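A structural walkthrough
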There are 2 protein chains.
Amino acid sequence: MSANGFSFEVEAQDGNARASTLTTKRGKALLPTFMPVGTQGSVKTLSPAEVAGTGAQIVLGNTYHLMLRPGAEAIDSFGGLAEWSRWKGLTLTDSGGFQAFSLSKLTKMTDEGFVFHSHLDGSKHALTPEEAVRIQGLIGADIQMQLDDCPPGEAPLPRVEEALRRTNLWSARALATPRPDGQALFGIIQGSTHVDLRKRHAEEQAALSFDGLALGGFSVGEPIPAMYAALAEVAPGVDPKRPRYLMGVGTPADLLEGIEHGIDMFDCVLPTRNARNGQALTRFGKVVIKQARYVADRLPLDPSCACPACAGGYSRAYLRHLFQAGEILALRLLSVHNLHFYGELVRGARKAILAQSYRAYKVRLMDSMTKADPADMKSD
Amino acid sequence: MSANGFSFEVEAQDGNARASTLTTKRGKALLPTFMPVGTQGSVKTLSPAEVAGTGAQIVLGNTYHLMLRPGAEAIDSFGGLAEWSRWKGLTLTDSGGFQAFSLSKLTKMTDEGFVFHSHLDGSKHALTPEEAVRIQGLIGADIQMQLDDCPPGEAPLPRVEEALRRTNLWSARALATPRPDGQALFGIIQGSTHVDLRKRHAEEQAALSFDGLALGGFSVGEPIPAMYAALAEVAPGVDPKRPRYLMGVGTPADLLEGIEHGIDMFDCVLPTRNARNGQALTRFGKVVIKQARYVADRLPLDPSCACPACAGGYSRAYLRHLFQAGEILALRLLSVHNLHFYGELVRGARKAILAQSYRAYKVRLMDSMTKADPADMKSD
C-alpha cells in the first residue's frame, strides 16, 4: 500500500484477463469493474442506492461539469463528491480536459494547459495540469486522472506524437502537485491506434509514480477493429502491478474484449444514455422498446434478469407505453436494467477469470448477444 | 358489504371529520386518504414501491389518457390497471369526461355524452355514461367514477342547473350499465358554489345505489373562500354511510379543510406537479429549491421528515444543484417528498380524529405551514 492508502492486488490471471482488487483509503473495489458516469453528481435518472444495487462500486464524476456547477469548492465544503451526492462507494474524476475541449467553445490548448469558456455562462477558465489536480482535490474523488492531451481518432501521426510529448510534460507537473491525503492519481497513455507509440507511452508513463494507468484516446472516432487490434497489442504490456483503465469505453462487446486483454476498469455513458433513448441491452441483444413488436409483449426486458425492472415484473408492453407516453419511469427502469446488465457482465467475467474459463465466458456471451432475438424469447 | 365486495365503515367521528375504512374486493384503504395521480399509468417520476412508501393506498388513473393510449382493451389484457402498472394497492379511475372537455379539441357535449378528438392523433371518440362504465370496466380499477357534466367555476346559474340535470340523467344510465365483478361506482355531486343546488344534488345522488359520493366541480376556477364556504355547508350533509370524495383537490390547506368537513378521499396533481417545478411542500411551508438562499444549505428539505429524500440526507444545496442542472433525480426526490408529506398529513389527521383532537391538529399544522420559514430551520 502506498502512502496515500492506495493499493492494487491481482488475485488471478486467465490469459491476459485479470481478477483483482483495488483499495483506497475509503474502500475497495473488485475488478474488473464498470464505472457508471455521474456527470453532474448524479448517474442520470437513478438514486445512489439503485446504482449500488446494480453492483457498481465506483462512480465517475466529470470535473469539467462539476467545476463549473456547483464548483469544486462547493463540493469540498460538503466533504467531497461521495458525501455531497450521498454515494456510499468509491469515486473517480476525469481531469476535465477532454470535455473542456469537446463541449466548450474557443478552447485553446498550449503546453501550459487549456483555456476555455464555460458552455453554461461563457465565463473563462484555465485548466492546467496543476489546476486539474487542485480542482479534483477539492472535488475529493478517491481517484484523480491527470490532465492529458487526447487527440481525435482520425488525428495524423504528428498530432498524436505531439499529444504524447505534451501529456508527458503534464504527467510530471501533475505528480509534482500536492494532493489531499487518500487520493490516488492515474496517468493516461495516448497514441491512438499506433501500437508503437502506445507501447512507448505506456513505458514512459509506467516509469512515473502513478497509482494506475489508463488508456485514453480510444473510442474517439477510430474504427472498432483498429481499437481492438491496438488493445490486444498494448494492454497486456501495460505495467501489470497497476490497475489498467480503458477510458470512455464502451459497448458490452468492448468490455468483453478489453477484459480479455487485461483491462480492469471501464466507464461509459452508453448504458445510461441508450436507456434514455429507449434501448435496453440484454444478454439476448438489444431491445428497442418503442418498436411495435413489443406492444402486447408480456415479458420483462430479459426474463432471466434480476434487476428491479425485470424482477419487478414490468412488461415490455408497459415499458413501451411509458416510453411512448414520455414517462420518466421508463427511463429509470431502462437505466437500472442496463447498468445491472453491465454489472452482471463484469461480475461474470471476474468469476470466469477466477475459474480460468474467461475465453469460454466471452464467446458464450458474445454468441448470445449477437445471435438471439429478444422478441423471440419466451418466459420459462 | 354490497354484492360487488365494496364496503365502508366509519370508526370515529370528531366534529364532522371522520376516520373510516373502505374495503373493495382487492383490499382496504384507511381514510381519510390522499390518492396520487398516475395519469398515464405511472405516478410521474416514481416507482410503485416509492408511491406505496409514502403511505398512498389508492392511485388514480385518468380514463381519458388511458383509453387513448395504450387503450382500455390493452390494459384489460394485462389484468387491469394495478397489475399492468405493478401497483399493489387499490386504484380509482375518473370517467374521462373532464379531460375530454379540457384537453381535446372540438369536444361536443349533449345529453347523449361527449364526442371528442384525441389530443394525440385527432381520432374521434365518443364517451357516453354507458361507455365510461364499459371502458373503466376494462381498465379494471377498484372504483369507477360516473360520467358527469362539470361546468367551470365561473359558470352562470342556468349552466350549473343544466349540469345537475344532465348528470342525473347520466347517473341512471351509468348505474344501469353492467360492471365487472368487484368494481365499485361512485356518483358525482355538482352545483358549483351554490349551496342549495349542491344540497339538492347530494340528496338526488344519495337516493341512487352509488357506492360512494364525490364532490366534483370544486377547484375549477372558483375563489378558494367560496369553495371552503360551500364545503362547510354541503360536505357534512352528504350521506354519512358512504365515502365522500373531493375530486381534484388540492393544497395541504384544502385537505385539512376538507377533512374537517367530513371528506374522506382526495386526489390532486399538485404535490407531484409542483415537485417537478422545483417546489417542495413541508410542514414549515414551501421550499422553492432553485432559490439562491439554498445554494450552501446543508439541511434536507425538512429535517424532521422521514421520506427517502430527507432521511436519505440529500441537502437542499445538492437538490438545488440537481434541479438547476436538469437532473431527473431532483424531480424524483421532490416528488417522493411531497407525496410523503401528503401521506403524513392524512395519517396525522386520522390519528387526530381517533384521538378526538382534529381541530387542534389542523390549527397546529396550518400555523406551522404559514408562519415558519424553511430557510430559518436549523437541524436538531
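Residues numbered from 1 in each chain as written. Chains lettered and ligands numbered in written order. Predicted model: local features only at pLDDT ≥ 70, side-chain atom pairs only at ≥ 80, totals over all residues.

**Here's the deal with the pairing of strand β1 (residues 7-14) of chain A**
Residue and element names in this part refer to chain A. Of the strand pairs in this sheet, β1 and strand β2 (residues 17-24) are connected by seven bridges, and their pairing is antiparallel. Residue pairing across strands places phenylalanine 8 opposite leucine 22, the latter belonging to β2. Between the end of β1 and the start of β2, which pair antiparallel, lie two residues, with glycine 15 showing a positive phi angle near 65°. (Pairing = 2+ DSSP bridges. Helix = DSSP H or I, 4+ residues; strand = E, 2+ residues; numbered from the N terminus.)

**Re the packing of helix α6 (residues 129-139) of chain B against helix α7 (residues 157-175) of chain B**
Residues and elements named next belong to chain B. At a closest axis distance of 8 Å, the pairing of α6 and α7 adopts a crossing angle of 45°. In this view, α6 runs oblique relative to α7, as classed from their interaxial angle. For the pair α6 and α7, the sense of crossing is right-handed. Residues Pro129, Glu130, Ala132 and Val133 of α6 touch α7, and the partners they reach there are Trp170, Arg173 and Ala174. Along the lines of polarity and charge, the residues of the contact of α6 with α7 split into five nonpolar, no polar and two charged. (Axes fitted to C-alpha atoms, helices over the stretch in contact; angles between N-to-C directions. Parallel < 35°, antiparallel > 145°, perpendicular 65-115°, else oblique. Left-handed = near helix turned anticlockwise from the far one by under 90°. Contact = placed C-beta atoms within 7 Å. Nonpolar A, V, L, I, M, F, W, Y, C, P; charged D, E, K, R; others polar.)

**Notes on α7 of chain B**
Residues and elements named next belong to chain B. With 19 residues, α7 extends 27 Å from end C-alpha to end C-alpha; this agrees with the ideal 27 Å at 1.5 Å per step. Regarding α7, the residues found buried are Val160, Ala163, Leu164, Arg166, Thr167, Trp170, Ser171 and Ala174. Summarising the contacts, the buried residues of α7 are in contact with α6, β11 (184-189) and α8 (195-206). (Expected span 1.5 Å × (residues − 1). Buried ≥ 20, exposed ≤ 12 C-beta atoms within 10 Å, placed from the backbone.)

**Digging into the domain arrangement of chain A**
All names here are of chain A. If you check the domain split of chain A, you get domain 1 (7-268) and domain 2 (275-376). Taking only C-alpha atoms into account, the centre of domain 1 sits 27 Å from that of domain 2. Of all the secondary structure elements, the ones that give two or more residues to the side of domain 1 that touches domain 2 are β1, β2, β4 (33-35), α1 (48-53) and α10 (252-260). Counting residues per element, the side of domain 1 that touches domain 2 draws most heavily on α10, at six residues. (Domains from an automatic or database assignment.)

**Observations regarding helix α14 (residues 328-354) of chain A**
Residue and element names in this part refer to chain A. Between its terminal C-alpha atoms α14 stretches 39 Å, which fits the 39 Å expected from 27 residues at 1.5 Å a residue. Among the 27 residues that make up α14, 21 are buried, leaving the element largely enclosed by the rest of the structure. Trailing α14 by a residue or two, glutamine 356 shows a phi angle of about 55°, which is positive.

**Digging into the sheet that holds strand β13 (residues 244-246) of chain B**
Residue and element names in this part refer to chain B. With parallel pairing, eight strands are arranged side by side in an open sheet as β4-β14-β13-β12-β11-β10-β6-β5. In this open sheet, the two edge strands, each paired with only one partner strand, are β4 (33-35) and β5 (58-61). Taken pair by pair, the neighbouring strands of this sheet meet at an average axis angle of 25°, ignoring direction. In this sheet, strand β14 (residues 265-267) lies alongside β13 in parallel orientation, the contact comprising two bridges. Residue pairing across strands places leucine 246 opposite phenylalanine 266, the latter belonging to β14.

**Some thoughts on unusual backbone geometry**
Of note, the amide linkage connecting valine 249 of chain A to glycine 250 of chain A takes the cis form, showing an omega dihedral of 5°. Take glycine 250 of chain A: it is sitting in the loop between β13 (244-246) and α10. Residue proline 32 of chain B is reached from leucine 31 of chain B by a cis peptide bond, and omega for that bond is 5°. Even without glycine at this site, serine 192 of chain B takes up a positive phi of about 55°. Examined against the element boundaries, serine 192 of chain B turns out to sit in the loop between β11 and α8.

**Overview of the environment of alanine 292 of chain B**
Locating alanine 292 of chain B in the fold gives a position in the loop between β16 (285-288) and α12 (308-311). Sequence separation of alanine 292 of chain B and arginine 320 of chain B is 28 residues, and the distance between their C-alpha atoms is 8.6 Å.

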